[in-house]
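Spelled out from the first residue to the last, the chains are:
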Amino acid sequence: MSSVDTERTITVTVNGVPREATVPVRRLLSDALRHDLGLTGTHVGCEHGVCGACTVMVDGEPMRSCLLLAVQVDGASVTTVEGLAADDGTLHPVQEAFRECHALQCGFCTPGFLVTIAAGLDKRDSSAELTEEEVDDMVGGNLCRCTGYANIKKAVHYAAAAMKDGA
Amino acid sequence: MTTKLFGEPVRRREDARLIVGKGRYLDDIGHTALAAAFVRSPHAHARIVDIDVEGALDVEGLVAIYTYEDLTGPMAEPLPVLIPHPQLHAPRTGYALANGEVNHVGEPVVMVVATDRYVAEDICDRIVVTYEELPVVVGVDAAREAAAAVHAEIPDNVAARHHQQTADVPAALASSPRTLSFTQYIERSACTPMEGKGVHAKWDADDRSLRVYTSTQASTSVRAAIAAKLELSLDTVEVIAPDVGGGFGVKIVHPWPEELLVPLAAIALGQEVKWAEDRREHFISSAHERQQRQEITVGYDDEGRITALDVHIWHDNGAYTPYGIIVPIVTATQLVGPYVIPAYRVIVESVYTNTVIVTPYRGAGRPQGCYAMERTMDRIADDLGLDRALVRERNLIQPSQFPYDHHLTFQDGRPVIYDSGDFPGLLDKLRALVGWSEADRLRDEAASRGRLLGVGMALYVEGTGPGPYEGGHVQVLGSGKVLVSTGLTSQGQGHETAFAQIVASELGVPIEDIEVTTGDTRRFAYAVGTFASRAAVMSGNAIALAARGVKEKALRIAADVLEADPSDLEISEGVVQVKGTPGASIPLSTVAVLSNPLRYAFDEAAKQATQFARPGSDDKPPVAVGDAPGLEHRDYYSPIRSTFASGAHAAIVEIDPATWEIDVVKYAVVHDCGNVVNPMIVEGQVHGGVAQGVGGALYERMAYDKDGQLQNASFMDFLMPYASEVPDIDIDHQQTPSPLNPLGIKGAGEAGVIPGTAAIASAIEDAVGRRIAAMPISPTELYDLMRDDSSERTATAQRREAGAMA
């Protein structure tokens, strides 16, 4: 087979920056981000969509980049953990909260949690009181082997409180 | 005063990079490296008849294929038995690539190196290995029965028969007022860190030197293994553990085949080579732990005091024994827990099966030992109709009995002598924390909601911080920066923070000036590793001693400059000053410059130091005999024996008698690890350990079928707890400082996982009134137990029923 059949050039806005990459059509988005674009903050924990470490936002929605082909996001906007902080380096409230609440140990699952929770917090009305159901929803789909989740849940509350104060 | 940070919940320094995606894990390194992938055995036990690579040779991107035939010298020999033991009479290890026979699904047979991982896996698919299948042994009972042998020359499948005895147990049992016997099982689980293993190797052909990054818990030992196996001089090999995405024990094993094969390929090919383990590989070719059959006989009196304990354990060690019999020894010696056992005999038969090797997983044999001892306590209480906490209380070692000698030999070859603790204190705190006396009221209240409620508890003592040693190096630079290094590695325990806290407190410098490096053989070449809850105890104390050495030298130099006695000086906020005389001071950074008589004025610090420099005496050398240039010190901590931490957990479960779903509604932890460097980090360790304990009790098991195929080798099927499965945890602390080390600390890393299975089994048994003798237990298994009329009912349940009918 020629490369015409097996490769595609895609254009993706990654963390606000238009990027172009020529990738094999079978390339996973997680691998394209990590190995073609050098954004190694997105981690790969299972490659079958269960652990959530590879979660990125695609057009604002959290998605598992190990279950997407890179060619599927052609034309889309992708946000990785590297893009959560503001341009001036100000951390997203959930990043600040993870540090403050000791919500990470080895840090390998952390990018997936941060992106998922950030997506959840960003789309909610920050002036509303955060419910336990919302917290469970935001943290319930990702695996962490170190923390036992208690401090991750605490961090979601901490971040929501900070966003409420800042709203 | 910001420098006295020992004991404070200092926020972690490593988080700054990890929360913005700037961590550097193994697969983040070497994006231009060639990729390795492996053909692994699909059979649990087979002879390799033929390996045909013909169909793979024309795949574009192929660089090299390796089989056993390509291995020479030490690489062609079996992998090492890391920890031999006289009672390990039939040790066996595999080869880096299978040599004619495979003994578990997942054993590496062929290594492929290609331009990228996708291509490497394509090539693996095209390599045809022909096998002749052999009979398969799965599980301890099959290994015991020995209808087939894993290794033909070991027909009984027994690798080791570990035996310890403290008195004449048969005689003690014969004279015991009461005895009872039972058999119980515990299943396999595994560490499953979120990051699998991985290796990156780069050979510098001009310098003839090798740099290896590996996701390991023991970089110095990997270095030694690579040098020996690849016949390289140790000084040409450097090994670095980058950010490691969790370990929990599996990464202490070394050398993994890939840790040798990837460097071998990098040298042969003259190119960077990398292998990052995928999740299926981790399930079938790393390590598991926990499966045991436990046969227990206990003698006791009418008050529930134990008179004798006789334990015979069958321990599944998988296909090979690279890590010796550490896990069986730990089970055998930690089983006795916080109790006085007047006569104890334990035999652990470690048996081969055609399954993944068994090496330490957080707890390393302790959860099984705790399960044996604590379930024994429950049986005694049930037999006598006594409160389970009371029976435990009557058997506890008292605070006045320390040091308490169990007359056993621990994993480190040293005696099991408990240095300190307060076990009655733990039990009292636990009863209060969980509301033990409220159990009957809670049971009735749950019953009114149609739920079955039960409470259970389990106590443990954990030998932590085994030797032989760890080292620390502390150096103050002229810039004021303080460099700290130790050889042991980090996998999320916050060592950069905890060790910086220790140095800040010992040396009197701001924590912001301190930089900590771990697990890098370029910085510290002698180390043992991060396992057995030993990092804070071992490297923490070594680093404290190194910091004290630096302080002593700094005060000596400063005393000379300030014309004061060293004992009149103190260091605070990085400044050496005469106590009570503000003004009379010198920055530690300047002392660092003065410590080196060669002072080229490269920077302001060196220029400023000249004002303090005093002409040396003409009749003495510039560097005194026995002294050295530089403000630095290296020291080692080598303990006489392990220090023993302890704790007590209790669980309250509610069970839905329609679905038999088991819900842990309350989990209480009382924890004693001596002096605490950072309570925030210790609590985090407890949280994570409890989550693994709950997983091991209710969800996680390695589901091998009779052919040795692992049926649940994915995160879809192996049920690791999500947030929804982990209960809220109430924690109370007790501190009995260790008298054995300068900082008075005991290890904390493994504690949280140890009593989970025992406490939850006890709570379920209390709730349903049927004997729970196999863990983990699923709702389906509980349902089967409940509808089986022949399943054993507890005496407690029968008494409750009789009471209800009366």
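Residues numbered from 1 in each chain as written. Chains lettered and ligands numbered in written order. Predicted model: local features only at pLDDT ≥ 70, side-chain atom pairs only at ≥ 80, totals over all residues.

Caption draft 1: Fine view of the overall build of chain A. A count of helical and extended segments in chain A gives six helices and five strands. Secondary structure of chain A in N-to-C order comes out as α-β-β-α-β-β-β-α-α-α-α. For chain A, the C-alpha radius of gyration of 16 Å lies close to 15 Å, the compact-globule estimate for 167 residues. With the C-alpha coordinates aligned to their principal axes, the bounding extent of chain A is approximately 55 × 30 × 25 Å. In chain A, which comprises 167 residues, the share counted as buried stands at 57%. Relative to all contacts within chain A whose residues are 6 or more apart in sequence, the contacts with residues 24 or more apart total 61%. (Helix = DSSP H or I, 4+ residues; strand = E, 2+ residues; numbered from the N terminus. Rg over C-alpha atoms; globule rule 2.2 N^0.38 Å. Buried ≥ 20, exposed ≤ 12 C-beta atoms within 10 Å, placed from the backbone. Contact = placed C-beta atoms within 7 Å.)

Caption draft 2: Quick peek at the nonpolar core. Residue and element names in this part refer to chain B. Of all hydrophobic cores here, the largest spans 303 residues; its most connected members are Ala36 and Val503. For this core, the leading source of residues is helix α14 (residues 535-562), giving 16 residues. If near-sequence neighbours (up to four positions away) are discounted, Ala36 is found in contact with Met111, Val112, Val113, Ala120, Val262, Ala265, Val273, Lys274 and Trp275. (Core = buried A, V, L, I, M, F, W, Y, C linked by C-beta atoms within 7 Å.)

Caption draft 3: Highlighting the packing of helix α10 (residues 388-395) of chain B against helix α11 (residues 423-434) of chain B. All names here are of chain B. For the pair α10 and α11, interaxial distance at closest approach is 10 Å and the crossing angle is 165 degrees. If you check the angle between α10 and α11, you find them roughly antiparallel. Read as a crossing pair, α10 and α11 show a hand that is left-handed. The residues of α11 that touch α10, namely those facing Ala389, Arg392 and Glu393, are Pro424, Leu427 and Arg431. Grouping the constituent residues of the contact of α10 with α11 by class yields three nonpolar, no polar and three charged. (Axes fitted to C-alpha atoms, helices over the stretch in contact; angles between N-to-C directions. Parallel < 35°, antiparallel > 145°, perpendicular 65-115°, else oblique. Left-handed = near helix turned anticlockwise from the far one by under 90°. Nonpolar A, V, L, I, M, F, W, Y, C, P; charged D, E, K, R; others polar.)

Caption draft 4: Representation of the interface of chain A and chain B in the model. In this assembly, 44 residues from chain A lie in contact with 40 residues from chain B. Counting residues per element, the ones that place at least two in the side of chain A that touches chain B are α3 (93-100), α4 (110-123), α5 (132-139) and α6 (150-166) of chain A. In terms of residue count, α3 of chain A provides more of the side of chain A that touches chain B than any other element does, four residues in total. Residues of the side of chain A that touches chain B, tallied by class, amount to 19 nonpolar, 17 polar and eight charged.

Caption draft 5: Quick look at the sheet that holds strand β26 (residues 643-655) of chain B. Residue and element names in this part refer to chain B. Taking strand neighbours across the sheet as the criterion, the four strands line up as β18-β26-β27-β28 in an open arrangement whose pairing is mixed. Strands at the two margins of the open sheet, each flanked by one partner only, are β18 (452-464) and β28 (729-733). Taking the axes of each pair of neighbouring strands and ignoring which way they run, one obtains an average angle of 15 degrees across the sheet. Note: β26 against strand β27 (residues 662-672), 10 bridges, orientation antiparallel. Residue pairing in the sheet places Ala650 in a bridge with Ala668 of β27. (Pairing = 2+ DSSP bridges.)

Caption draft 6: The pairing of strand β14 (residues 306-318) of chain B, seen in detail. Residue and element names in this part refer to chain B. Among the 13 residues in β14, 11 count as buried, and that is most of the element. The pairing of strand β13 (residues 292-300) with β14 spans nine bridges and is classified as antiparallel. The partner of Gly299 across the bridge, within β14, is Ala308. The turn linking β13 back onto β14 is made up of five residues, and Gly304 within it adopts a positive phi angle of 90 degrees. Taking the sense of rotation as the criterion, the β-α-β connection linking β14, helix α8 (residues 326-334) and strand β15 (residues 344-352) turns out right-handed. (Right-handed = clockwise from strand over helix to strand, strands pointing away.)

Caption draft 7: Local environment of the environment of Ala172 of chain B. Residues and elements named next belong to chain B. The residue Ala172 is located in helix α4 (residues 169-174) in this model. Ala172 gets classed as buried once you count the C-beta atoms within 10 Å, which come to 21. Separated by 607 residues in sequence, Ala172 and Pro779 place their C-alpha atoms 40 Å apart. Ignoring any residue separated from it by four or fewer positions in sequence, one finds Ala172 in contact with Ala167, Gly299, Thr307, Ala308, Pro342 and Ala343.

Caption draft 8: Main features of the packing of helix α13 (residues 495-507) of chain B against α14 of chain B. Residue and element names in this part refer to chain B. Their axes nearest at 9 Å, the elements α13 and α14 cross at an angle of 35 degrees. Pair α13 / α14 crosses with right-handed handedness. Facing His495, Ala498, Phe499, Ile502, Val503, Glu506 and Leu507 of α13, the residues of α14 in contact are Ala535, Ala536, Ser539, Gly540, Ile543, Ala544, Ala547, Arg548, Val550 and Lys551. Here the contact of α13 with α14 is built from residues that sort into 11 nonpolar, three polar and three charged.

Caption draft 9: Fine view of the sheet that holds strand β2 (residues 46-52) of chain B. All names here are of chain B. Here three strands make up an open sheet; going across it, the order is β4-β2-β6 and the pairing antiparallel. Only two strands of the sheet have a single neighbouring strand rather than two, namely β4 (101-102) and β6 (128-133). Across six bridges, the pairing between β2 and β6 is antiparallel. Considered in β6, the bridge of Ala46 is made with Glu133.

Caption draft 10: Seen up close, α4 of chain A. Helix length check: α4 of chain A (14 residues) gives 20 Å between terminal C-alpha atoms against 20 Å at 1.5 Å per residue, within 8%. Judged by how many residues are buried, α4 of chain A sits mostly within the fold: 12 of 14 residues are covered. Residues of α4 of chain A that are buried include every one of Thr110, Pro111, Gly112, Phe113, Leu114, Val115, Thr116, Ile117, Ala118, Ala119, Gly120 and Leu121 of chain A, and no others. Buried residues in α4 of chain A make contact with β3 (55-58), β4 (61-64), α3, α5 and α6 of chain A together with α1 (15-18) of chain B. (Expected span 1.5 Å × (residues − 1).)

Caption draft 11: Just unusual backbone geometry, in detail. In this chain, His254 of chain B is followed by Pro255 of chain B through a cis amide linkage whose omega measures -10 degrees. Examined against the element boundaries, Pro255 of chain B turns out to sit in the loop between β11 (237-240) and α6 (257-269). Omega for the bond connecting Met775 of chain B with Pro776 of chain B falls within 30 degrees of zero, at 0 degrees, which places this linkage in the cis form. Mapped onto the secondary structure, Pro776 of chain B falls in the loop between β29 (774-775) and α19 (779-787). The phi angle at Tyr149 of chain A is positive, at roughly 75 degrees, despite the residue not being glycine. Structurally, Tyr149 of chain A can be placed in the loop between α5 and α6. Taking the C-beta count within 10 Å as the criterion, Tyr149 of chain A has 25 such neighbours and is therefore assigned buried. Although it is not a glycine, Glu563 of chain B adopts a positive phi angle of roughly 50 degrees.

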